[in-house]
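Commentary on secondary and tertiary structure
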Amino acid sequence: MRTSVRLFIGVAAGALVAGAVAPAQAGTTWGSPQEVSSKLGRAISLSNDGTVAAWIRTNRMTGSGPVRTSYFKSAKKGWTSSAPIPGTAGVTALQVSSDGKTAFIQTPGTGLQLSQRTSGNTWSAAATVISGTRLDAGVMSADANTIAWVDWTGSTDYPDYLPGSVYVATRPAGGAWSAPVLVGKISSDVQYNDMVPLALSSDGSSIAWIGETFALKVLKKNADGTWAAPVLIKQYAEDPALANLAFNATGATLIWNSNYTEGVLYSSLGASGWSPVGYVTSDDVSASAITPKGTVVVYNNEDDQVVLRTWNGTKWAKKTVIGSAGNAQFAVVNKTIAWTANKYQGSTLRASIYAKGKWQPSTKRSSAAQSPALTANGMTLAWGATSNKRTYAAKR
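In what follows, the accompanying structure is described. Every value quoted in this text rests on a predicted model; they were computed, and no experiment measured them.

Turning our eyes to something else, we now look at the overall build of the protein. Scanning the protein for helices and strands turns up 1 helix and 35 strands. On C-alpha atoms alone, the protein measures out to a radius of gyration of 20 Å, which is about the 21 Å that the 2.2 N^0.38 rule sets for 396 residues. The buried share of the protein, taken over its 396 residues, is 53%. Taking as baseline every contact in the protein between residues at least 6 positions apart, the subset at least 24 positions apart corresponds to 46%. Total accessible area on the protein stands at roughly 16,100 Å², and carbon and sulfur atoms take up 51% of it. Once the 35 positive and 21 negative side-chain charges of the protein are each reduced to a mean point, those two points are 17 Å apart.

What follows is about the pairing of strand β7 (residues 93–96). Taken together, the 4 bridges between β7 and strand β8 (residues 102–107) define a ladder with antiparallel strand orientation. Each bridged residue has a counterpart across the sheet, and for Gln95 the counterpart in β8 is Phe104. Linkage of β7 to β8, two consecutive antiparallel strands, is achieved through a turn of 5 residues, within which Gly100 is found at a positive phi near 75°.

Applying the stated rule across the entire model yields 2 salt bridges. A salt bridge links Glu35 to Arg390; its shortest N-O distance comes to 2.6 Å. With a gap of 355 residues between them, Glu35 in strand β1 (residues 34–37) and Arg390 in strand β35 (residues 390–395) connect regions that are remote in the sequence. Note that Lys319 is salt-bridged to Asp283, the shortest N-O span being 3.8 Å. Remark: Asp283 occurs in the loop between β24 (278–281) and β25 (285–290) and Lys319 occurs in the loop between β27 (305–310) and β28 (320–324); sequence separation between them is 36 residues. Overall, Lys319 belongs to the partly exposed group, its relative accessible area being 38%.

On to unusual backbone geometry. For Ala144, which is not glycine, the phi torsion reads 65° and is therefore positive. Secondary-structure assignment places Ala144 in the loop between β12 (135–140) and β13 (146–151). Under the relative-accessibility criterion, Ala144 is labelled buried at 2%.

Evaluation of the coordinates by the stated rule reveals 7 aromatic pairs. Seen in terms of ring centroids, Trp149 and Tyr167 are 5.8 Å apart; in terms of plane orientation they differ by 20°. Their pairing is stacked. Highlighted residues: Trp149 in strand β13 and Tyr167 in strand β14 (residues 164–170), separated in sequence by 18 residues. Exposure remark for Tyr167: the relative accessible area of 21% places this residue in the partly exposed category. Judged by centre distance (5.6 Å) and plane angle (65°), the ring pair of Tyr354 and Trp359 falls under edge-to-face.

Counting 17 residues, the largest nonpolar core has Val150, Val166, Ile186, Leu198, Ile207 and Trp209 as its most contacted members. If you list the elements that add at least two residues to this core, you get β12, β13, β14, β15 (181–186), β16 (198–200) and β17 (206–210).

Next up on the list: the side chain of Asn388. Summarising the element assignment, Asn388 is placed in the loop between β34 (380–385) and β35. Polar contacts involving the side chain of Asn388 include one to the side chain of Tyr392, which spans 2.8 Å.

Read from one edge to the other, the open sheet built from 4 strands follows the order β16-β17-β18-β19, with strand pairing classed as antiparallel. The outermost strands of the open sheet, each flanked by one partner alone, are β16 and β19 (231–235). Along the sheet, successive strands turn relative to each other by an average axial angle of 15°, direction set aside. Bridging between β17 and strand β18 (residues 215–220) involves 5 bridges; their strand directions are antiparallel. Looking across to β18, one finds that Trp209 is bridged to Lys217.

Rules used throughout
- Residues numbered from 1 in each chain as written.
- Predicted model: local features only at pLDDT ≥ 70, side-chain atom pairs only at ≥ 80, totals over all residues.
- Heavy atoms only, no water.
- Helix = DSSP H or I, 4+ residues; strand = E, 2+ residues; numbered from the N terminus.
- Rg over C-alpha atoms; globule rule 2.2 N^0.38 Å.
- Buried < 20%, exposed > 50% of the residue type's maximum accessible area, 1.4 Å probe, protein only.
- Contact = heavy atoms within 4.5 Å.
- Areas by Shrake-Rupley, 256 points an atom, 1.4 Å probe, with all protein chains shown as cover.
- Lys, Arg positive; Asp, Glu negative; His and termini not counted.
- Charge placed at Lys NZ, Arg CZ, Asp CG, Glu CD.
- Pairing = 2+ DSSP bridges.
- Salt bridge = Lys/Arg side-chain N within 4 Å of Asp/Glu carboxyl O.
- Phe/Tyr/Trp six-rings, centres within 6.5 Å; stacked < 30°, edge-to-face > 60°.
- Core = buried A, V, L, I, M, F, W, Y, C linked by side-chain atoms within 4.5 Å.
- Polar contact = N/O pair within 3.5 Å; in protein donor to acceptor, adjacent residues only side chain to side chain.
- Axes fitted to C-alpha atoms, helices over the stretch in contact; angles between N-to-C directions.

What follows is the structure, encoded as structure tokens:
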């Protein structure tokens, strides 16, 4: 990807001077980084057009905090001063809708909340749409019209092993939310073993989770908006301890991996239903991700390689090594991949783009970064710089 001026990105505080901003550049070259905020954040989320950024304000990689936002004015003027979304504190999960007008917020002890952007960087106070003291794993579709979550109320681990509940709610565009729909039970082991509880496709059509009997299930939305019966994808004999569970954008391909065991598995939906479970790779893997089209899977193997494999129509093609990282954090869209290692002090941020018929060698974007985020077109990359505790973005 990118630039020869290389973004000594987020590196030292003095390396980035206010006002020293280059305009976004088309193609494979990144412009210079622009400061989005003078404070560090995590769970960075961007609108599709790259004009809206939101993040959880905390210096910890897994910490909670208030939600802050910024708005991109122009290449010359850069980003507005960041501001908090009113009524947010102790937030643990955050998403911005594809149009940048809705923020989805999960606050333990309160529930699931939404905030609306009224103009520029002005947001309404967070309003609770689903109340609950033990809600977890909340996720929203890109159009902000479907939300799914786990409710651990009544769930216990040893000796009772009482499961949690998976719910979904929908609404017509801009309309009222439906009552929560119980779609299944989820293994109590998930909440105590720090595993990925569920996945929702970005179009809101598909949900996947590990059931109370360790069955990996998928639920699809019917054309009339109702939900079909769950489909069994894989039955496990014991808790698989999933480190990742993800759909492509349309919910037609599902991938998952445990932590350094079993490799990356997948199943795809065809005319005759879901395919038998197969391997993207049998390498021991710590992290994986799939592109929105579902044709590329990237993963981090036991040799700390960042590897991608492409679906050629009949199988996953020979692996391509595009970089290195241990226990990677990925940001993935169809033609751009960015990653850091999941380390307390952050790690080198690198990115690769697909151009001229192949994935280009990765380039360094920052020497110490966390929480990379990409826009849908891959033209804006944002991250938290752990070296100077600020948040940055670069455009191309």
